[in-house]
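Observations on chain architecture
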Amino acid sequence: MSFQATKWAMELGLPLSIGAVLKSLAHHADREGGNARPGIERICSESGLGIRAVQNNLKKLETQGLIRKASNGMGGRNRH
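Residues numbered from 1 in each chain as written. Predicted model: local features only at pLDDT ≥ 70, side-chain atom pairs only at ≥ 80, totals over all residues. Heavy atoms only, no water.

1. A word on the environment of A20
Within the secondary structure, A20 is located in helix α2 (residues 16-27). We classify A20 as buried; its relative accessible area is 19%. (Helix = DSSP H or I, 4+ residues; strand = E, 2+ residues; numbered from the N terminus. Buried < 20%, exposed > 50% of the residue type's maximum accessible area, 1.4 Å probe, protein only.)

2. Quick look at the packing of α2 against helix α3 (residues 40-47)
Across the interface, α2 lies against α3 with an axial gap of 9 Å and an inter-helix angle of 115°. Of the two elements, α2 crosses α3, and the hand of that crossing is right-handed. Here A20, V21, S24, L25 and H27 of α2 come into contact with α3, specifically with I43, E46 and S47. Taken together, the residues that form the contact of α2 with α3 break down as four nonpolar, three polar and one charged. (Axes fitted to C-alpha atoms, helices over the stretch in contact; angles between N-to-C directions. Left-handed = near helix turned anticlockwise from the far one by under 90°. Contact = heavy atoms within 4.5 Å. Nonpolar A, V, L, I, M, F, W, Y, C, P; charged D, E, K, R; others polar.)

3. Some points on the confidence of the model for the chain
Residues of the chain with pLDDT of at least 70 account for 85%, and the chain-wide mean is 84. Of all helices and strands in the chain, the one with the weakest mean pLDDT is strand β2 (residues 78-79) (52), whereas helix α4 (residues 51-63) scores best (95). (pLDDT = per-residue confidence, 0-100.)

4. Let's talk about the packing of α2 against α4
At their nearest, the axes of α2 and α4 sit 9 Å apart, and the two run at 80° to each other. In terms of orientation, α2 and α4 fall into the roughly perpendicular class. Contacts between α2 and α4 pair S17, I18, V21, L22 and L25 from the former with V54, N57, L58, K60 and L61 from the latter. (Parallel < 35°, antiparallel > 145°, perpendicular 65-115°, else oblique.)

5. Focus on the nonpolar core
Where a protein is soluble and globular, its nonpolar side chains tend to be buried together. Counting residues in hydrophobic clusters, the biggest one holds 15 residues, and the most contacted among them are V21, L25, V54, L58, L61 and I67. Within the residue set of this core, elements represented by two or more residues are α1 (3-11), α2, α3 and α4. The greatest single-element share of this core, amounting to five residues, is contributed by α2. (Core = buried A, V, L, I, M, F, W, Y, C linked by side-chain atoms within 4.5 Å.)

Right, here's the structure in full:
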């Protein structure tokens, strides 16, 4: 868990649903604030949002430049 990443996510003042998704990702980040790879179901559980809402918010976060996709190294699929 990265305290700095979580603090950063909390201080952005994002709308509730998109902020909840970013905070979940930040909670799973490494000490450098990156490499967060919780599954969609985990983010749903932690944010209280449904699958589609989480997916839409991940896209918004990526579009805003707050996160970027990284290959999971397991063939074709990408994860945030």
